[in-house]
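Survey of secondary and tertiary structure
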Amino acid sequence: MRYVREDNGPWYRQPWPWLLMIPPVTAVFVGMALLRAATWEPDGLVVADYYQEGRAINEVLERERFAAQLGLGGELVREGEYFVLRMEGTPLPPAPLTLRLLHPTRANKDAEIRLTHDAGQGTWQGTLASLPAARWHVHLEPEDRSWRLRGRLEPGADRVTVSAGG
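What comes next concerns the included structure.

Basis of the calculations
Positions within a chain are numbered from 1, following the residues in the order the chain's sequence is written. Restriction of local features to residues with pLDDT of at least 70 applies here, the model being predicted, together with a cutoff of 80 or more for giving and counting side-chain atom pairs; totals for whole chains, interfaces and linings are based on all residues. Each side-chain value is derived from all of the structure's non-hydrogen atoms; neither hydrogens nor water enter the calculation. Lining residues are defined by having an atom within 4 Å of a point belonging to a cavity or pocket. Those points lie on a 1 Å grid over the protein atoms alone, cavities being sets where a 1.4 Å probe fits but cannot get out and pockets being open sets with protein on both sides within 12 Å along at least five of seven lines. Grid points are joined across faces, edges and corners, and a volume is the space filled by probe spheres set on the points. Polar here means any residue other than Ala, Val, Leu, Ile, Met, Phe, Trp, Tyr, Cys and Pro, which are nonpolar, and Asp, Glu, Lys and Arg, which are charged; Gly is therefore polar. Two strands form a pair only when DSSP identifies at least two bridges running between them. Numbering of helices and strands runs from the N terminus; a helix is a DSSP stretch of H or I covering at least four residues, while a strand is a stretch of E covering at least two. Surface patches are defined over residues having more than 30% relative accessible area and no salt bridge, joining like charges when they lie within 9 Å and nonpolar side chains (Val, Leu, Ile, Met, Phe, Trp, Tyr) when within 5 Å. For every accessible area listed, the method is Shrake-Rupley and the probe measures 1.4 Å; residues are considered covered only by the protein chains on display. Any carboxyl oxygen of Asp or Glu that lies within 4 Å of a side-chain nitrogen of Lys or Arg is treated as forming a salt bridge with it. Here the term buried applies to any residue with accessible area under 20% of the maximum for its type, exposed to any over 50%, and partly exposed to those in between, with areas from a 1.4 Å probe on protein chains only. For a helix, the expected span equals 1.5 Å multiplied by the residue count minus one. Axes are fitted to the seven residues ending at a residue and to the seven starting at it; the angle between these axes is taken as the bend at that residue. Note on ring pairs: Phe, Tyr and Trp rings are taken, using the six-membered ring of Trp, and paired if centres are within 6.5 Å. Classes follow the plane angle, with under 30 degrees stacked, over 60 edge-to-face and the rest tilted. Pairing of N or O atoms within 3.5 Å defines a polar contact, subject to two protein rules: one partner must be a possible hydrogen donor and the other a possible acceptor, and residues neighboring in sequence count only if both atoms are side-chain atoms. Here, two residues are considered to be in contact whenever any of their heavy atoms come within 4.5 Å of each other.

If you add up the space inside the second largest pocket, you get close to 150 Å³. Together, 14 residues line the second largest pocket, and Leu 92, Pro 93, Pro 142, Ser 146 and Trp 147 are the ones closest to its centre. Here the lining of the second largest pocket is composed, by residue class, of eleven nonpolar, two polar and one charged.

Given below as structure tokens:
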């Protein structure tokens, strides 16, 4: 007795090989997409030396306590690319101040602005060409880093209050 063969065509015309190839091919493409996502921008959140980082946090807290003792505070106003800072509390010498705008998750987007004193208006001013819309942590300190004020600039906001408690 002879059996009649019904599939006379080549293998690639059959549906079963193609159906069996779908999971491995899908796994390859998903793996490549995950690899690209994992290596696109490295995370800046992991700290290698936790002990040194902890000591640095204590120093920062001391600088913020010192700013609170001086009664320092202020308001930072953004007008386009210009930043204007009005300080309150103990009068400060007309030395330049450093304004750091820190992105919460991407260290490569952080910005630093040098604010210079304008004696006529009693303010400090600086410029930054562009600032992407994001929530920014604002750190303000003198060049000698003796005190520090903090604040948070919300997306779309043009004013932020900087204080010792942040």
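For the rest of this paragraph, the subject is the pairing of strand E1 (residues 73-79). Inspection of the sheet shows E1 paired to strand E2 (residues 82-88) by seven bridges, in the antiparallel sense. In the strand pairing of E2, Arg 78 is matched with Phe 83. Counted along the chain from E1 to the antiparallel partner E2, the turn is two residues long, and its residue Gly 80 has a positive phi close to 70°. Relative to strand E8 (residues 159-163), E1 runs antiparallel, the two sharing five bridges.

The next point concerns a nonpolar patch on the surface. A cluster of nonpolar side chains, Trp 11, Tyr 12, Trp 18, Met 21, Val 25, Val 28, Phe 29 and Met 32, forms an exposed patch at the surface whose accessible area comes to about 860 Å². Among the structural elements, Val 25 can be located in helix H1 (residues 15-39). Judged by relative accessible area, which is 41%, Val 25 ranks as partly exposed.

A positive phi is found at Arg 145, a non-glycine position, where the angle reads about 55°. Along the polypeptide, Arg 145 turns up in the loop between strand E6 (136-142) and strand E7 (149-153). Classification of Arg 145 by relative accessible area gives partly exposed; the value is 44%.

What follows covers H1. For H1, spanning 25 residues, the distance from its first C-alpha to its last is 37 Å, which sits close to the expected 36 Å at 1.5 Å a residue. In H1, a bend of some 35° at Ile 22 exceeds every other bend along the element, and Pro 23, a proline, comes one to four places later.

What follows concerns the packing of aromatic side chains. Enumeration according to the criterion identifies two aromatic pairs in this entry. Note on Trp 11 and Tyr 12: the rings are 5.9 Å apart at their centroids and 85° apart in plane angle, and the pair reads as edge-to-face. For Tyr 12, a relative accessible area of 45% corresponds to the partly exposed category. Look at Trp 11 and Trp 18: their rings are 6.1 Å apart centre to centre, the planes differ by 25°, and that puts the pair in the stacked class. One aromatic cluster is present, formed by Trp 11, Tyr 12 and Trp 18 through successive ring pairs.

Checked against the element boundaries, Arg 148 lands in the loop between E6 and E7. A polar contact of 2.6 Å, which involves the side chain of Arg 148, links it to the side chain of Glu 64. Of note is the side chain of Arg 148, whose polar atom sits 3.2 Å from the side chain of His 139. Leaving out residues up to four positions away in the same chain, Arg 148 has contacts with Val 60, Arg 63, Glu 64, Ala 67, His 139, Leu 140, Glu 141 and Ala 164.

On their own, these measurements won't tell you what the molecule is for.
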